[in-house]
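# Reading the structure
As a plain string of letters, each chain reads:
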Amino acid sequence: MDYFDALAQGLVALMDPTRFLFLFLGVLLGIAVGVLPGLGGTATMAILLPVIYGMDPYTALALLIGMMAVTATADTIPAVLFAVPGSTSAATSIIEGYPMAKQGQAARALGAAFSASMLGGLFGAVVLVLSVPIARPLLQQWLSPEFFMLCLTGVVLVGGLAGDQPLKGLMAGGLGLLLATIGGAPGVGFYRFTFDLPYLLTGIPLIIVALGMFGLPELVDMQMKGTSVSEVPIVGKGVWQGYKDTFRNWWLVIRSSAIGAWVGFAPGIGQSAASWIAYSHAVTTTKDGKFGKGDVRGLIAPEAANNAVRGGDLIPTLLFGIPGSGGMAVFLVALILIGVRPGPDMVDKQLPFLFTVVWSLAIASIIVTAMCTALIRPIAALSTVKAHIIIPFILLFVMVGAFQATGDWGDWIALAVFGVLGWTMKRVGYPRPPLMVGFVLGSLAERYLWTSVAIWDGNWLYRPWVLGLFAVIIASLVFVVRKPKQQQEQNEPAQISGGV
Amino acid sequence: MVVPTDAGGSADRIGRLYAKYLPKFLPGSPNVIVRNMPGGNTIIAANFFYGSKTDGLTLYTSPSSTALEDLLGNKALKFSLRELTAVAAPPASTNVVFVRPEVIEKPEDILKAQRLIWGQGAGSSTSFLLAAEMIGIPVAKAVFSWSGQADAFRAFLAGETNISSVSSTGFDAQVKPFVERGEAKLLMQSGMIDETGSVIRHPSFPNLMTVVDLGEKVNGKAPSGMAFDVFKAIAASLDSMKQILFLPPNTPDSIVQAYWDSADKMVKDPDFLKESSALTDAGDTWRAGKAFDQMFHKSYGMKPEASEWLKNTMQTKYGLVLQ
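Residues numbered from 1 in each chain as written. Chains lettered and ligands numbered in written order. Predicted model: local features only at pLDDT ≥ 70, side-chain atom pairs only at ≥ 80, totals over all residues. Heavy atoms only, no water.

## What about the overall build of chain B?
Here is the rule we go by: Runs of H or I in DSSP of at least four residues are treated as helices and runs of E of at least two as strands, each being numbered from the N terminus. The reference for a compact globule is 2.2 Å times residues^0.38; the radius of gyration itself is calculated from the C-alpha atoms. Accessibility here uses a 1.4 Å probe with only protein chains present; expressed as a share of the type maximum, an area under 20% marks a residue as buried, one over 50% as exposed, and anything in between as partly exposed. Residue contacts are counted whenever heavy atoms from the two residues lie within 4.5 Å of one another.
The number of helices and strands found in chain B is 12 helices and 13 strands. The globule rule puts the C-alpha radius of gyration for 323 residues at 20 Å, and the 20 Å found for chain B is close to it. Counting only C-alpha atoms, chain B reaches 60 × 40 × 35 Å along its principal axes. Across the 323 residues that make up chain B, the buried fraction comes to 60%. Intrachain contacts of chain B at a sequence separation of at least 6 include 76% that bridge at least 24 residues.

Put into structure tokens, the structure is as follows:
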């Protein structure tokens, strides 16, 4: 079938009023799911499965894609305003977004985040179209050793370069890696550091760590100061400034989206890791950055990346029938329920269907950005509400979100432990982002390292990409060591008071 | 209803089917609420369920992980599945083993295969390794560190591994198109255990050799010994006993009977069968009611020495620790 014909057919199929309405419904649902911490796109899709059974396939598809395409846009709202990640992938957006809100620039931060999200989403859709002929050879290019090195590079870059104090950053990253080893070991079924507590058998849920490290410490500090989030009163302006920020950094947006799409295509790495890798990319490739203190580029990069992930993530799901993440696994079941068989047939017999997915993704990205942008003024005003009024609500939000992780008392105990750890780290000037990165990438890194050694023994080290990424790590460590010590000391007070 | 996995896992999908259709046939058509309690390798949720009231208001959809923990004697699990009452279960599935096309010409050549790297997702049944053990397939490396079956299949397609297995439930959606295109070759199936305790072909794969058939062909005799006994115990207790709906022990007889009756009606309901067909193996039928409970108690279980042997063999030979 002609490629462009199919492209047009896919769009026409979606333009049916009922289908479009369901796309819109999906977007609304996705916004709610994104804003509420703990309620994730994967779980929501699973709950929708019985509903979509028997629906027209294109309508069901519009609903599901609409929902899952927008969670990564909406989850930024609580992250920027209250340092509470709406889902785990938004933890990165706190690093620059929350300081911006403190400086009264919440509207600008959200404007930049939403526009970057939209461009990332569109980029992902384009990548999905272009990948059809080349996806198969790409699958064979990067294997476990390369993915292991990618994870390691992410930890070293964020730990060593993203803050002013590389040594403390690397130590925090190392702690994150250690925390990720709690629970079952990959591949051997051996349990580590579980102390006979069933709660720890599968490790600590990511959302608990994210809420504890960022949400709780900021709440405590806000209560101590007794002010509102924003330390200056005017917050309504700056939406267009945010849009301009994104477009002025178009090259960064494209690079970050490419990272997002690539990470999405890679198996099991997921949105959170994409955000962190894009963030570390922004930090390392930008001169004169004020990262950690409200640099808008550190917000644009992860937002573009975590929205581009969807496009990349859909490639193996649709073309090979291999879901790269938990969300995609449920999506695959949904496709089977509505009578679509993902897999190699998708490229010839079902091409218009594939393009309906692409169009849904692109249109959902645009709708959500328009809707969220329209809401910026009222939402941003929340950051001027006095602490004693808003804190109980946020706390409720955090506690309920945490309890969604497993529904066990352990969730709240773990939340409290990480809250204390996060607050202590903030007080004594240890950066928290590297710990998050280490935790997110740690279990993946371990899995890929284990697999690499199991298959290749020591020979995995000689693969070209592995050597290349090693060179990047060594270069950044050298850079860290040679960085003038004086400069680090000068920046220290600022890090403690202003940074996240 | 307690489901011990995240929303979207296979136990969850089946659990939600029970929750949607069972109330239609229960007296008073109650609402069934699904509660996902992931974590602790299903043990937290299982213990929670075991400690609940026996008023018929708490149910458990049990994935094979709970059964594996039980069979291996994990002390964190406070009970044995044998104490429970089974209500219903999806059709029995089997495991299908496939290889990359360059590895062998025909299944009989498997004993001479070079550098076999077996890739399997975490938490999958070990019956395939037992099968290799029984007929002497030269597995050079067994890698279990993939995050799940789909991830293991990706590695297979990418050429990182060259032999793997899939449950027959997931076969059609995932592996079949690649077999049709000649990118994967079927080797054998683990089969099903019939009433006399012998291994027979699964109705979905009437033309594919079972591990016993293949063993007879390449070794001239049927497999026997400890490996074979353990293999059969696993096939009967795990591979064909997934996503069972359970009631807690000591549930009053009248409640049990009501559930058995409704389950019997549910598995004959055309809407239920139609909706469940996308999630289950088409070769076999749903099992329910008193007859299924009796069958479960007859076939489920593994002798302690068999469980010890399994742990030792997996650890010494493949470095796999089963706790």
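## With respect to helix 6 (residues 168-180) of chain B
All names here are of chain B. The criterion, for reference: A helix is expected to span 1.5 Å multiplied by its residue count minus one. Here the bend at each residue means the angle between axes fitted to two seven-residue stretches, the one ending at that residue and the one beginning there.
With 13 residues, helix 6 extends just 16 Å between its outermost C-alpha atoms, more than 12% less than the 18 Å of an ideal straight helix rising 1.5 Å per residue. A bend of about 50° at Gln-174 is the largest found in helix 6, and the proline Pro-177 appears one to four places after it. Of all the residues in helix 6, the buried ones are Ser-168, Phe-171, Ala-173, Gln-174, Val-175, Pro-177 and Phe-178. Where helix 6 terminates, the next one or two residues include Gly-182, which has phi positive at roughly 75°.

## Observations regarding the packing of aromatic side chains
Two aromatic rings, taken as a pair, are described by how far apart their centres are and by the angle between their planes. The condition that has to hold: For Phe, Tyr and Trp, rings pair up if their centres lie within 6.5 Å, where Trp contributes its six-membered ring, and each pair is then called stacked (planes under 30 degrees apart), edge-to-face (over 60) or tilted (otherwise). The criterion for a charge sitting over a ring is simple: Lys NZ or Arg CZ within 6 Å of the ring centre, and within 35 degrees of the ring normal.
Tallied over the full model, the rule gives 26 aromatic pairs over all chains. Both rings, one in A:Trp250 and one in A:Trp251, keep their centres 6.1 Å apart while their planes meet at 55°; by these two values the pair is tilted. The class for A:Trp250 is exposed, based on a relative accessible area of 53%. The class of A:Trp251 is partly exposed, set by a relative accessible area of 49%. Arranged with centres 6.2 Å apart and planes meeting at 85°, the rings of A:Tyr279 and A:Phe291 form a pair that is edge-to-face. Of the two residues, A:Tyr279 sits in helix 14 (residues 270-285) while A:Phe291 sits in the loop between helix 14 and helix 15 (297-320), which places them 12 residues apart along the sequence. Take A:Tyr279 and A:Phe291: they sit in the same class, and that class is buried. Taken together, the ring pairs in this structure connect A:Trp142, A:Phe147, A:Trp262, A:Phe265, A:Tyr448 and A:Trp465 into an aromatic cluster. When the ring centre of B:Phe156 is taken as origin, the NZ or CZ atom of B:Arg100, which lies over that ring, is 6.0 Å away.

## Concerning the environment of B:Val175
Tracing the chain through its elements places B:Val175 in helix 6. If we skip the residues at most four places from it in the chain, B:Val175 touches B:Phe98, B:Phe153, B:Val166 and B:Gly170.

## Re the pattern of salt bridges
If the charged atoms of two oppositely charged side chains come close together, the side chains can form a pair. For the record, the criterion: For salt bridges, the criterion is a side-chain nitrogen of Lys or Arg within 4 Å of an Asp or Glu carboxyl oxygen.
In the structure shown here, the tally under the stated rule is 23 salt bridges over all chains. A salt bridge links A:Asp245 to A:Arg108; its shortest N-O distance comes to 2.5 Å. Taken as a pair, A:Asp245 in helix 12 (residues 239-248) and A:Arg108 in helix 7 (residues 106-131) lie far apart in primary sequence, 137 residues in all. In this structure, B:Lys20 engages B:Glu275 in a salt bridge whose closest nitrogen and oxygen atoms are separated by 2.9 Å.

## Re a nonpolar patch on the surface
Residues and elements named next belong to chain A. Applied cut-off: Only residues whose relative accessible area exceeds 30% and that form no salt bridge are eligible for patches; like-charged ones are grouped when within 9 Å, while nonpolar side chains (Val, Leu, Ile, Met, Phe, Trp, Tyr) are grouped when within 5 Å. Here the accessible surface of atoms and residues is derived via Shrake-Rupley with a 1.4 Å probe, and residues count as covered only by protein chains that are part of the display.
There is a patch of nonpolar side chains on the surface, built from Leu-21, Phe-24, Leu-25 and Leu-28 and spanning about 330 Å² of accessible area. Mapped onto the fold, Phe-24 is located in helix 2 (residues 17-35). Residue class for Phe-24 comes out partly exposed when judged on its relative accessible area of 33%.

## Considerations on empty space enclosed by the protein
To be explicit about the condition: Put plainly, a pocket is an open set of points on a 1 Å grid over the protein atoms alone with protein on both sides within 12 Å along at least five of seven lines, a cavity is a set where a 1.4 Å probe fits but cannot get out, and a lining residue has an atom within 4 Å of a point. Grid points are joined across faces, edges and corners, and a volume is the space filled by probe spheres set on the points. Note on residue categories: nonpolar means Ala, Val, Leu, Ile, Met, Phe, Trp, Tyr, Cys or Pro, charged means Asp, Glu, Lys or Arg, and polar means any other residue, Gly included.
Counted by the stated rule, this structure contains 6 cavities of 30 Å³ or more. By volume, the second largest cavity is sized at about 100 Å³. Contributing to the lining of the second largest cavity are A:Ala46, A:Leu49, A:Pro50, A:Val333, A:Leu337, B:Arg13, B:Arg16, B:Leu17, B:Lys20, B:Glu275 and B:Leu279. Counting only elements with at least two residues in the lining of the second largest cavity, the list comes to helix 3 (41-52) and helix 16 (326-337) of chain A together with helix 1 (10-25) of chain B. Here the lining of the second largest cavity is composed, by residue class, of 7 nonpolar, no polar and 4 charged.

## Quick word on the interface of chain B and chain A
A common way to report how large an interface is uses the accessible area buried once the components associate. Quick reminder of the rule: Buried area: the accessible surface (1.4 Å probe) lost by two parts on joining, summed over both. Contacts described as polar in this section are N or O atom pairs within 3.5 Å, which, within protein, must combine one atom able to donate a hydrogen with one able to accept it, while residues neighboring in sequence count only if both atoms come from side chains.
The interface is formed by 47 residues belonging to chain B together with 48 residues belonging to chain A. Taken together, the two surfaces of chain B and chain A that pack against each other cover about 4,100 Å², and 59% of this comes from carbon and sulfur. Of all residues in chain B, the largest losses of buried area upon contact with chain A belong to B:Ser145, B:Arg154 and B:Glu160, amounting jointly to 15% of the total for that side. Joining chain B to chain A, the criterion identifies 10 residue pairs in polar contact (both at pLDDT 80 or more).

## Topic: the layout of surface pockets
Empty space among the atoms becomes visible once a probe the size of a water molecule is rolled across them. All names here are of chain B. When its volume is computed, the second largest pocket comes out at roughly 740 Å³. Residue lining of the second largest pocket: 32 residues in total, with Ile-193, Asp-194, Lys-232, Ala-236 and Ser-299 positioned closest to the centre. Secondary-structure elements contributing two or more residues to the lining of the second largest pocket are strand 10 (192-193), helix 8 (226-239), helix 11 (289-299) and helix 12 (304-318). It is helix 8 that contributes the most residues to the lining of the second largest pocket, 9 residues altogether. Residues of the lining of the second largest pocket, tallied by class, amount to 14 nonpolar, 7 polar and 11 charged.

## Examining unusual backbone geometry
A positive phi angle, near 60°, is found at A:Asp196, a position not held by glycine. Of note in this structure, B:Gln243 is not a glycine but carries a positive phi near 55°.

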